[in-house]
Structures are given as structure tokens and as C-alpha cells.
Amino acid sequence: MQEQLHFILNNEEITGEFNGSSSLLSFIRNTKKLTGTKLVCREGDCGACTVLVGELIKGNVEYRTVTSCIFPLAKVNGKHVVTVEGINNTGLTPVQSEFVNEGATQCGFCTPGFIMSLTWYLITHSDYDLSGAINALGGNICRCTGYASIIRSAENVINALNNGNTNGSINLHKLIELNVLPEYFAGIKMRLEKIKEKIHAGIVTGDQPVWVGGGTDLYVQKFESLVGSRIALTERLGRSYILEDNNAIRLSGNATFEEFKNSGVIKKYFPGLQRQLNLIASLPIRNSATIAGNIVNASPIGDLTIILLALDATLVLSEDKNKREVKLKDFYKGYKSLNKSEDEIITEIYFENNFKNQKFNFEKVSKRTYLDIASVNTAMFVEYTGGEIKRCGISAGGVAPVPLFLKNTSEFLTGKKIENEIIEEALDIAQSEISPISDVRGSEAYKRLLLNQLIKAHFIEMFHAKIDVKELI
Ligand SMILES: Cc1cc2nc3c(=O)[nH]c(=O)nc-3n(C[C@H](O)[C@H](O)[C@H](O)COP(=O)(O)OP(=O)(O)OC[C@H]3O[C@@H](n4cnc5c(N)ncnc54)[C@H](O)[C@@H]3O)c2cc1C
Ligand code: FES
Ligand code: FES
């Protein structure tokens, strides 16, 4: 679908009519012939196509990494796209030089993606450490060099920049001085402000457009048919938010996984969740994937869905000016069958947050630790007084055709003492509520065993002082 777009690609201002539903990568490689950015998997999995997208947020340009192979072109309207060709001033940047010095590249297909992710880390942080840099590379896969030389390259860059910087934290001007970025970066903020005044990004309506959040599910499953379709971007419904309001936490449907992870509100009430959120997808995918997209995608193992189910979240569904609310646990009617009309969109998700003593835990087991979907995942919310459960919600993924709220188990636990015998009884009830099937992620028996162990893990994580852990495991 042709759409008027206005954005900056590296140092070049682009304006005109383009197919907004095609991929950003296709525009970069086929239209602009910038072939440094590679196409390998076209599924958001390998990171070879990683580019930076910078956006004006509260007066500053904030950059994030995205996998351009599944990123709709329309999403770059009013933004700054940076490919590997856009980071050079004169000669190689320090990041590129270290990859050469350490022999961190063989076939070279993955290399531009690694360079862009590491460059992103340097732009968005002011103090550097190796674990942060390695985290930033979490969405990049190398099939032939091996990671040791790549990690050494990252370490060398960080040490050089930390040592060379004796006065104050590193900022954009310092990065330009150090040749990490070219000079034109200093003028991007002003140029984006000017573009912002000119663009009028309408939401496509009528003729049933396909609603696209991050596109991380749609562009993997339906790439060919989407490229010719009318799409409507949920990001154009309004700025995303995650906030505390009237004893509830409210999330806009278009908030991303990474916004959820970095939200001050989520960190405040769910401090233990940070570690687990890193196990969901990869950074470039989390930067795009939205919460509503995860819910509507209706995968039985959707991670954010499983978290929100345990919190007894409510969905606000909007169609034109009409709004209605549905409990997330009543949203799934069967496999990929939803309590939602085609035109309804999820504009908000909220859950109560007025409990005095509350605990929450999320567990996920997948075949690969990082960048993999779950074999089984589960979350548990508990409000308690002393040793007694006042209120409880347990969800389970990968054990039924839909993301499952374990209603009977949750009801059984409500009002009970936190002790081993009760947990054992709850496990039996949970087993009676699930119907896993054998598939590539594990046999039925394995998934049943996993859920048992993960529910035990909830209690061990949250109430280890109140139970006999040795006896339980
Ligand atoms: C490499 C990779 C790794 C992944 N890893 C994980 C993982 O670890 N855990 C996990 O849970 N998922 C994972 N996913 C799946 C996917 O990223 C998530 O399901 C994501 O939440 C989808 O969100 P989206 O915004 O990209 O959805 P989209 O692809 O934009 O849309 C998905 C569906 O939701 C609809 N939709 C989107 N927004 C709305 C709205 N506001 N209202 C109504 N309908 C809407 C769309 O029309 C479409 O039907 C992974 C995907 C990839 C490519
Ligand atoms: S080509 Fe593999 S993530 Fe895009
Ligand atoms: S250098 Fe070949 S895949 Fe990394």
C-alpha cells in the first residue's frame, strides 16, 4: 500500500510515496542498494539485518535496534534509520577496527548486525561494561567465527573508550570525537524536529486494514500477503505508556516488551521479573513486539500473556468510539479463537495493584536458554497474610490449546496455608486442568512434569522460608 513517508536514512532525507507494508530491509537493500545490511533468516531470529531506528522522545533522539527484515517500512516515518553504511566517518570505526584486529569475522554475513548492536550499546550507555555489551549482542547469531573473538572485540572497544575518557560520562559529542559516530549525528535531532512538523501520519481506516503492532509475529507468518496489504500501525493510536493509576497498573496495547521490562512501575512492583524478562525473545524483537500483539497472537506459550493472566488482567477493546472490557482469562475461546470482533483493537490492558503483601513469580523453560519460545511457562501471583494465601492466580502455557488460567488450582489455594501438603494437593489439581500434547517442544509426559516442577519453583522462589524445600523437590 502506497503511503507518504518522510524520514532520514543515514545522512539522507527520504520523502515520497512508498509501499509502507513492505519491509524496511527491502527498502534498504533493493531500493537504496545499501547491501551492507544482510538478509539471512527473514524471521527476526539471526540479527544479520539489524539496523538502528532513532525516534524523538521527550525532546531527545532515542535509538533502538530492530530486525529490519520483519520491520514494516511505514514504522520509520518521522524517524532516523542507521545502517552499517551510516556509521563511518573516515575509515573504520573503533568497533569495526577491533573486529578486524581480533579476526572476529569469517564469512562476514553476521558482522554488520554485530557492529550495529555494539554501536547501539555505545550510543545508549554512558558507562560501559562487558556484560552490558554482551547483552546488547543477544539477538545476533554467528554461525562460523565463534563468539570468543567477538567478545574480545567488544571488550577491547569498551576498555579503549573507558580509558580514553577521563572527563565525565560519554555523550554524543564524545562519540563523534572518538570516531564511533560520524559528525552528521549531531544534527539529527534538529532535522527530526523539522520533519515532525511536516508529517501527518494518519491511521489507515476502512476496508479492514491489518492491525500491526511490532509485526514480529505477522511478518514472520504472513510476509508475502502483508507486503501488498493495507496495514494500520497501532503505534499511531498514541504514545505508548505503562503507568500506575487508581490502584491499578495500566499498559497501552502498543507498549513494547522492552518498555515493559524497563518500566519504573514494573521494576518497583515486580523486582524479581527483570532476570526472566531477559529470557523473552531478543533485544531487537523486544524493542518491536507489543503486549497486545502477544495477546492477539494467541500462542499458547505467549510469555507476556502468561504473566498478565496470573495478574487477572482486563483488556479494553475499542472499535471506533465503542469500548468494552473483557477479562484476559475469558478472551480465548479455543485454539486461536478470540472473544473479539475483527475490527476491535486492544487499546489498554490493566490489572489491580492495591495489595498489601503480594508476591509474583514467572518461570519459563525452553530448549535454548535465550531467544527461544517456551516448552512450558507459568506465572503465579499471591496476596498473603502471615502464612496464608488470601488471593492467588496461576497461569500455564504450553499445556493446552490456549494460554491457560488454572482456575481450579487458584481457587483451591485461596484461603489455604502455605505448606508442603497443600502444594502437593494443588499440583494434582493443576494436572487435572491441563491437556498438553506431544510436539517438537516435548512429550506430553515431559510437559506435565515441567509444570509440576515449575509450580514448585514458584513456591520455592516466593516462600522458601515457609516450606520444606528438600521434601518438596
Ligand atoms: C525471533 C523471535 C523470537 C520470539 N520470541 C518470543 C518469546 O520468547 N516469547 C513470546 O511470547 N513471543 C515471542 N515471539 C513472538 C512475537 O514476538 C510476540 O508474540 C509478539 O508479542 C507479537 O507482538 P507484535 O506487536 O509484534 O505483533 P504483530 O505481529 O504486530 O501482530 C500479531 C497479531 O496481533 C494483532 N494485533 C497487534 N496489535 C493489536 C492490537 N493493539 N489490537 C488488536 N490486535 C492487535 C495483529 O493484527 C496480529 O493478528 C518471538 C518472535 C520472533 C520473531
Ligand atoms: S535476516 Fe535474520 S533476523 Fe533478519
Ligand atoms: S562470520 Fe560467518 S556467520 Fe558470523
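Re the overall build of the protein
Right, on to step 1. The helix and strand tally for the protein stands at 19 helices and 18 strands.
Right, on to step 2. Computed over the C-alpha atoms, the radius of gyration of the protein is 23 Å, within 12% of the 23 Å expected from 2.2 N^0.38 for a compact globule of 473 residues.
Right, on to step 3. Taken over the C-alpha atoms alone, the protein extends approximately 70 × 55 × 40 Å along its principal axes.
Right, on to step 4. Each of the 473 residues in the protein was classed as buried or not, and the buried ones make up 43%.
Right, on to step 5. In the protein, 65% of the contacts between residues at least 6 apart in sequence involve partners at least 24 apart.

Observations concerning the site of ligand 1
Right, on to step 1. Taken together, 32 residues are adjacent to ligand 1, and Gly213, Gly214, Ala292, Gly293 and Asn294 come closest.
Right, on to step 2. Listing elements by their share of the shell around ligand 1, those giving two or more residues are strand 6 (210-212), helix 8 (218-221), helix 13 (283-288), helix 14 (291-297) and strand 14 (345-352).
Right, on to step 3. Examining the composition of the shell around ligand 1, we find that five residues originate from one element, helix 14, more than from any other.
Right, on to step 4. A per-class count over the shell around ligand 1 returns 14 nonpolar, 14 polar and four charged.

Some words on the domain arrangement of the protein
Right, on to step 1. When its domains are assigned, the protein resolves into domain 1 (2-198) and domain 2 (238-472).
Right, on to step 2. Relative to domain 2, the C-alpha centre of domain 1 lies at a distance of 33 Å.
Right, on to step 3. Taken together, the contact between domain 1 and domain 2 spans 11 residues of the former and eight residues of the latter.
Right, on to step 4. When residues in the side of domain 1 that touches domain 2 are grouped by element, the largest group, four residues, is from strand 4 (residues 60-67).
Right, on to step 5. Split into classes, the residues belonging to the side of domain 1 that touches domain 2 amount to three nonpolar, seven polar and one charged.

Regarding the packing of helix 2 (residues 94-101) against helix 3 (residues 111-124)
Right, on to step 1. Between helix 2 and helix 3, whose axes approach to 10 Å, the crossing angle comes to 135 degrees. Classified by the angle between their axes, helix 2 and helix 3 sit oblique to one another. Between helix 2 and helix 3 lies a crossing whose hand is right-handed. Residue-level contacts link Val95, Gln96 and Phe99 of helix 2 to Thr111, Ile115, Leu118 and Thr119 of helix 3.

A closer look at the sheet that holds strand 8 (residues 242-245)
Right, on to step 1. Taking strand neighbours across the sheet as the criterion, the five strands line up as 8-9-14-10-11 in an open arrangement whose pairing is antiparallel. Every interior strand has two partners, whereas the edge strands, strand 8 and strand 11 (322-327), have only one. Within this sheet the neighbouring strands show an average axis-to-axis angle of 25 degrees, counted without direction.
Right, on to step 2. Bridging between strand 9 (residues 248-252) and strand 14 involves five bridges; their strand directions are antiparallel. Opposite alanine 248, over in strand 14, you have glutamate 352 as the bridge partner.

A short note on the nonpolar core
In a soluble, globular protein the nonpolar side chains are often hidden away together inside.
Right, on to step 1. Within the largest apolar cluster, 62 residues are counted, with the highest numbers of intra-cluster contacts made by Leu24, Val81 and Leu118.
Right, on to step 2. Per-element accounting of this core gives the leading share, eight residues, to helix 3.
Right, on to step 3. The residues contacting valine 81, other than those within four sequence positions of it, are Phe7, Ile8, Leu9, Leu24, Val51, Val53 and Val76.
Right, on to step 4. Formed by 60 residues, the second largest nonpolar core is a distinct cluster that contains Ile249, Tyr332, Val402 and Leu413.

Concerning helix 3
Right, on to step 1. For helix 3, spanning 14 residues, the distance from its first C-alpha to its last is 20 Å, which sits close to the expected 20 Å at 1.5 Å a residue.
Right, on to step 2. Judged by how many residues are buried, helix 3 sits mostly within the fold: 13 of 14 residues are covered.

Side note on the sheet that holds strand 2 (residues 12-19)
Right, on to step 1. The five strands lie next to each other as 2-1-5-3-4, forming an open sheet whose pairing is mixed. Whereas interior strands pair on both sides, the edge strands pair on one side only; in this sheet they are strand 2 and strand 4. Each adjacent strand pair in this sheet contributes to an overall mean axis angle of 35 degrees, direction not counted.
Right, on to step 2. Pairing of strand 3 (residues 50-57) with strand 5 (residues 80-82) involves three bridges; the strand directions are antiparallel. Within strand 5, the residue paired with leucine 52 across the bridge is valine 82.

A closer look at unusual backbone geometry
Right, on to step 1. Although it is not a glycine, asparagine 247 adopts a positive phi angle of roughly 60 degrees.
Right, on to step 2. We classify asparagine 247 as exposed; it has 9 C-beta atoms within 10 Å.
Right, on to step 3. A positive phi angle is found at aspartate 320, which is not glycine, with a value near 50 degrees.
Right, on to step 4. Among the secondary structure elements, aspartate 320 is positioned in the loop between strand 10 (314-319) and strand 11.

The rules we used
Residues numbered from 1 in each chain as written. Chains lettered and ligands numbered in written order. Predicted model: local features only at pLDDT ≥ 70, side-chain atom pairs only at ≥ 80, totals over all residues. Helix = DSSP H or I, 4+ residues; strand = E, 2+ residues; numbered from the N terminus. Rg over C-alpha atoms; globule rule 2.2 N^0.38 Å. Buried ≥ 20, exposed ≤ 12 C-beta atoms within 10 Å, placed from the backbone. Contact = placed C-beta atoms within 7 Å. Near = placed C-beta within 6 Å. Nonpolar A, V, L, I, M, F, W, Y, C, P; charged D, E, K, R; others polar. Domains from an automatic or database assignment. Axes fitted to C-alpha atoms, helices over the stretch in contact; angles between N-to-C directions. Parallel < 35°, antiparallel > 145°, perpendicular 65-115°, else oblique. Left-handed = near helix turned anticlockwise from the far one by under 90°. Pairing = 2+ DSSP bridges. Core = buried A, V, L, I, M, F, W, Y, C linked by C-beta atoms within 7 Å. Expected span 1.5 Å × (residues − 1).

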